[in-house]
Amino acid sequence: MQSVPSRRHVIADDIRNQISTGRIKAGERLPSEAQLASRYAVSTPTLRSALAVLQGEGLVEKIHGKGNFVRYPRRRITYVGGGHALRTESPVEPALRVSIRTTNLQAHGQLTCLLGVSANSPLTEFLCLSHEGKSRSPHSLARIYVPRDLSPTDVPAESHCCKTVEAKLAELRPPLAEVRERVSARPPTPEEAATLRISSALAVLAITRVAADSTGRVVEAALLVLPGDRADAFFTTHHMTDERTSGE
């Protein structure tokens, strides 16, 4: 026997259809939750449950104090293994805008383990938040930590030029000998969900990257958070061929 769709799924299907057919356009604010509950003749909790389905699919985002909005189609981004920068799926699209906030702090908790330093060792944090085009919606979040002696002193506290910061870091950093990366899927923390404006039900791709020089010193640790509705991770392994001569 075929099951009868629940009211929340009927509502979600109807709003989803309006979005896909263009009757409700990207960036447009949905009617208030009270208005939608009245329109569909359901309780507010049922209506919110329907919106949660659409939020989990990445079609609708709830902005605190403003309401529910139809999200712009999200460009997919790819994390390339080996410490490379994020890249968008299509090379013809403009690059994501990145805002960077620089903070000096002391190592504590997880950071002491990641960087292999003692507690209170001086570090610099680069908080990078990427934005997508006209929507200005947050797209990805990264926290990059480097020992203070490898941090450039001429980087402003607030910056929008990611390539300049990357170049300055590369100038001070010794050549990398090893990059270790751990990739996992998990729910976002409340802070991550609020910063990226995503549903707490949407999984994120969490990447922990640790880079060391030839002496084994960790020169950079990065914590990246990519919403699962737009992120891929791509790794390439080069195998060395064993060229032995025969007849010896």
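Further up the page is the structure itself.
Residues numbered from 1 in each chain as written. Predicted model: local features only at pLDDT ≥ 70, side-chain atom pairs only at ≥ 80, totals over all residues. Heavy atoms only, no water.

Colleague: Is there a simple way to think about the overall build of the chain in this case?
Modeller: Regarding its fold elements, the chain presents six helices and 12 strands. Each of the 248 residues in the chain was classed as buried or not, and the buried ones make up 42%. The long-range share in the chain, meaning contacts at least 24 apart out of those at least 6 apart in sequence, stands at 61%. For the chain, the exposed area adds up to about 14400 Å²; of that, 54% sits on carbon and sulfur atoms. (Helix = DSSP H or I, 4+ residues; strand = E, 2+ residues; numbered from the N terminus. Buried < 20%, exposed > 50% of the residue type's maximum accessible area, 1.4 Å probe, protein only. Contact = heavy atoms within 4.5 Å. Areas by Shrake-Rupley, 256 points an atom, 1.4 Å probe, with all protein chains shown as cover.)

Colleague: Which parts of the structure should I look at to understand the packing of helix 1 (residues 7–20) against helix 3 (residues 44–56)?
Modeller: Each pair of packed helices can be described by the angle between their axes along with the distance between the axes. In the contact formed by helix 1 and helix 3, the axes pass within 8 Å of each other and the chain directions differ by 50°. Regarding the angle of helix 1 to helix 3, the classification is oblique. For the pair helix 1 and helix 3, the crossing hand works out as right-handed. For the pair formed by helix 1 and helix 3, the contact residues are Arg-7, Arg-8, Ile-11, Ala-12, Ile-15 and Arg-16 on the first element and Thr-46, Leu-47, Ser-49, Ala-50, Leu-51, Val-53 and Leu-54 on the second. Tallied by class, the residues present in the contact of helix 1 with helix 3 amount to eight nonpolar, two polar and three charged. (Axes fitted to C-alpha atoms, helices over the stretch in contact; angles between N-to-C directions. Parallel < 35°, antiparallel > 145°, perpendicular 65-115°, else oblique. Left-handed = near helix turned anticlockwise from the far one by under 90°. Nonpolar A, V, L, I, M, F, W, Y, C, P; charged D, E, K, R; others polar.)

Colleague: So what exactly am I meant to see when it comes to empty space enclosed by the protein here?
Modeller: Tallying each qualifying case throughout the model produces one cavity of 30 Å³ or more. The computed volume of the largest cavity comes to approximately 40 Å³. Contributing to the lining of the largest cavity are Val-146, Leu-150, Leu-169, Arg-173, Val-219 and Glu-220. Among the residues forming the lining of the largest cavity, the class breakdown is four nonpolar, no polar and two charged. (1 Å grid on protein atoms, 1.4 Å probe; cavity = no way out; pocket = protein on both sides within 12 Å on 5 of 7 lines; lining within 4 Å. Points joined across faces, edges and corners; volume = space filled by probe spheres on them.)

Colleague: Got a minute to help me understand the pairing of strand 11 (residues 218–227) in this structure?
Modeller: For a regular strand, the rule is simple: side chains alternate between the two faces of the sheet. The buried fraction of strand 11 is high, at nine of 10 residues. Across five bridges, strand 7 (residues 137–147) lies against strand 11 in antiparallel orientation. Bridge pairing links Ala-142 to Leu-224 in strand 11. Two elements, strand 10 (residues 204–213) and strand 11, share nine bridges in a ladder whose sense is antiparallel. Residue pairing for strand 11: Val-204 is matched across the bridge by Pro-227. Counted between consecutive antiparallel strands, the loop separating strand 10 from strand 11 contains four residues, among which Gly-216 sits at a positive phi close to 95°. (Pairing = 2+ DSSP bridges.)

Colleague: Hey, could you run me through the pattern of salt bridges in this one?
Modeller: Oppositely charged side chains can form a pair if their charged atoms are brought close together. Scanning all chains against the criterion turns up 15 salt bridges. With a closest N to O distance of 3.1 Å, Lys-62 and Glu-33 form a salt bridge. Separated by 29 residues along the polypeptide, Lys-62 in strand 1 (residues 60–63) and Glu-33 in helix 2 (residues 33–40) bring together distant segments of the chain. Relative accessible area serves as the criterion here: at 47%, Lys-62 is assigned to the partly exposed category. Note that Arg-197 is salt-bridged to Glu-61, the shortest N-O span being 3.4 Å. Note that Arg-197 is positioned in the loop between helix 6 (190–196) and strand 10 and Glu-61 in strand 1, a separation of 136 residues in sequence. Here the salt bridges do not stand alone but share partners, grouping Asp-13, Arg-16 and Glu-57 into one network. (Salt bridge = Lys/Arg side-chain N within 4 Å of Asp/Glu carboxyl O.)

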